[in-house]
Amino acid sequence: MGLLSTILVGLVAGLLASWVMKAKTPWYVDIILGIIGGVLGGWISTLITGADLVSGFNLTSILVAFGGAILVIWLYRLIKR
């Protein structure tokens, strides 16, 4: 996946995850957490399914990154306490 699509997927996933988790973070933190979530979600989905599900700007990539971003926001809140 290219750098631009990684940033776009991270942006969408981070914004959705912060909206669902009601995180009060700036937009650039949402992008960073979304990109980290995309990497984490892609890694976990590869371990579970054996296939790379984060493969461009598509719905599957956004959903996997969204799940990873929710996990990252949860960990971020846990560490921030």
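As a reminder, the structure under discussion sits directly above these lines.
Overview of the structure. (Residues numbered from 1 in each chain as written. Predicted model: local features only at pLDDT ≥ 70, side-chain atom pairs only at ≥ 80, totals over all residues. Heavy atoms only, no water.)

Let's shift gears to the overall build of the protein chain. Check the secondary structure of the protein chain and you find three helices and zero strands. When its helices and strands are written in sequence order, the protein chain yields α-α-α. Taking 2.2 N^0.38 as the reference for a compact globule, 81 residues should give roughly 12 Å; the C-alpha atoms of the protein chain span a radius of gyration of 12 Å, in line with that estimate. Its C-alpha atoms give the protein chain principal-axis dimensions of roughly 35 × 25 × 20 Å. A buried classification covers 37% of the 81 residues belonging to the protein chain. Across the protein chain, every contact between residues at least 6 apart in sequence was considered, and the portion connecting residues at least 24 apart equals 70%. When the accessible surface of the protein chain is totalled, it reaches about 5,100 Å², and 75% of it is carbon and sulfur. (Helix = DSSP H or I, 4+ residues; strand = E, 2+ residues; numbered from the N terminus. Rg over C-alpha atoms; globule rule 2.2 N^0.38 Å. Buried < 20%, exposed > 50% of the residue type's maximum accessible area, 1.4 Å probe, protein only. Contact = heavy atoms within 4.5 Å. Areas by Shrake-Rupley, 256 points an atom, 1.4 Å probe, with all protein chains shown as cover.)

Before going further, it helps to spend a moment on the environment of I31. The residue I31 is located in helix 2 (residues 27–49) in this model. What makes I31 buried here is its relative accessible area of 16%. Ignoring sequence-local partners within four residues, the contact set of I31 consists of G10 and L11.

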